[in-house]
Amino acid sequence: PREPVVLGIETSCDETGIGIVRGTTLLANAIASSMDEHARYGGVVPEIAARAHLEALAPTIHSALAEARLGWSDIDAIAVTCGPGLSGALMVGVAAAKGLALATGKPLYAVNHLVGHVGVDLVTPDSEPLEYPTIALLVSGGHTSLLLVRDLVSDVELLGETIDDAAGEAFDKVARVLGLPYPGGPHIDRVAVGGNPKAIRFPRGLSLPKDMAAHRYDFSFSGLKTAVARWVEARRDRGEEFSAADVAASFREAVADVLLTKALAACADLQVPRLLLGGGVVANARIRELAAERAAAAGVTLRIPPLELCTDNGAMIAALGAQLIMRGHAPSELGFGADSTLPV
Ligand code: KG4
Ligand code: ZN
């Protein structure tokens, strides 16, 4: 049978993402971001994100169709993120998707954003097919989740997630403490170069033996964020010089350490020798380096999609939609809503 051409709509956070795939082939990945508008607030402002999606959706759909050299008549189906994410932002995408489905008569598939981060692997150019089961570690400004994926469309299990801040939020808040611009992740990476990652031993959240018993696969970054802020403020109060490079490197080390300790614990416990990374924080140089080191040492095959497919995008949503179609799933009834806390 002919492979379905699917247009995917992603609006769960600050990226308006429109992707088009044919089966597992990526045809277009158009993105508009409202990040610049959030910068002065030091974090994504939901209302601003929703309004930005409203403005960006139609132009971004046009860009994606142009990039794929396709017209509406070539699109077989539409897929849209219905959660988890920011409610208002999700609603704009879902409403647009339903409008398109109603107007064109094309089937619409509502899909899960987190599963999309895993599914994007399928449309990563030149990649070997994803093998199951796999552990997936998804780390962004909005989520920090560890998943056991036995089957992309029918069997994804949440092993653990952050109980407070997402890892990306911690990067953004620590950057702010150091007087670096938002979003802070890339700046922390830049400042950390030449710093000593062992200079300061910052806390590894939920890593003590008693925490590992109850929260083996969960994360916590708010204590780390506070510890860094206290450490810096104490020195500033005393008028003491300190090395921002050491703070950035030590903070980054703590995040990378705890993320990879837990991800590789899951691989070992569940005897799954495969780890997939996703989310914008995966851009972090130390996280990538430590992931490669520890995965190799543990005999785990590591997969990291190219960065433009790790950050939020529409291609991952289209990829999931195409899988649902190829596996014979019926389209979603148009009564579905947006669910900010949608489980996997
Ligand atoms: O996936 P993403 O683009 O958007 C959402 O969160 O939805 O991730 C953005 C997050 C921000 O918190 C940003 O600071 C972080 O990813 N980030 C990084 C790096 N680049 C971006 N964090 C650490 N190191 C980086 N190099
Ligand atoms: Zn995401």
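Rules and cut-offs
Residues numbered from 1 in each chain as written. Chains lettered and ligands numbered in written order. Predicted model: local features only at pLDDT ≥ 70, side-chain atom pairs only at ≥ 80, totals over all residues. Near = placed C-beta within 6 Å. Helix = DSSP H or I, 4+ residues; strand = E, 2+ residues; numbered from the N terminus. Nonpolar A, V, L, I, M, F, W, Y, C, P; charged D, E, K, R; others polar. Domains from an automatic or database assignment. Contact = placed C-beta atoms within 7 Å. UniProt positions renumbered as here; feature names shortened; annotations may be inferred. Pairing = 2+ DSSP bridges. Axes fitted to C-alpha atoms, helices over the stretch in contact; angles between N-to-C directions.

### A short note on the site of ligand 1
Here is step 1 of the chain: By nearness alone, 20 residues border ligand 1, and Gly141, Gly168, Gly185, Gly280 and Asn284 come closest of all.
Here is step 2 of the chain: Elements supplying a minimum of two residues to the shell around ligand 1: helix 5 (167–177) and helix 6 (185–192).
Here is step 3 of the chain: Per-element accounting of the shell around ligand 1 gives the leading share, four residues, to helix 6.
Here is step 4 of the chain: Here the residues of the shell around ligand 1 are counted per class, giving seven nonpolar, ten polar and three charged.
Here is step 5 of the chain: When residues of the shell around ligand 1 are assigned to domains, at least three map to each of domain 1 (5–124 + 310–326) and domain 2 (134–304).

### Details of the domain arrangement of the protein chain
Here is step 1 of the chain: Partitioning the protein chain into domains gives domain 1 (5–124 + 310–326) and domain 2 (134–304).
Here is step 2 of the chain: Contacts between domain 1 and domain 2 engage 18 residues on the former and 22 residues on the latter.
Here is step 3 of the chain: Elements with a minimum of two residues in the side of domain 1 that touches domain 2: helix 4 (113–119) and helix 12 (315–326).
Here is step 4 of the chain: If you tally residues by element for the side of domain 1 that touches domain 2, the top one is helix 4, at five residues.

### Details of the UniProt feature "domain: Gcp-like" (unreviewed entry) in the protein chain
Here is step 1 of the chain: Here the UniProt feature "domain: Gcp-like" (unreviewed entry) sits at residues 26–318.
Here is step 2 of the chain: Helix makes up 48% of residues 26–318 and strand 17%, and the two end C-alpha atoms of the span are 9 Å apart.

### Regarding the sheet that holds strand 5 (residues 108–112)
Here is step 1 of the chain: Strands sit in the order 3-2-1-4-5 across an open sheet of five strands; the sheet is mixed. If you trace the sheet from one side to the other, it starts and ends with strand 3 (25–33) and strand 5, each paired once. Here the strands of the sheet are splayed against their neighbours by 20° on average, with no regard to which way each runs.
Here is step 2 of the chain: Examined bridge by bridge, strand 1 (residues 5–10) and strand 2 (residues 15–22) share six bridges and lie antiparallel to one another. Counted as the bridge partner of Leu7 is Ile20 from strand 2.
Here is step 3 of the chain: Against the sheet, helix 3 (residues 87–104) engages strand 1, strand 4 (77–83) and strand 5, with an angle of about 155° to strand 4.

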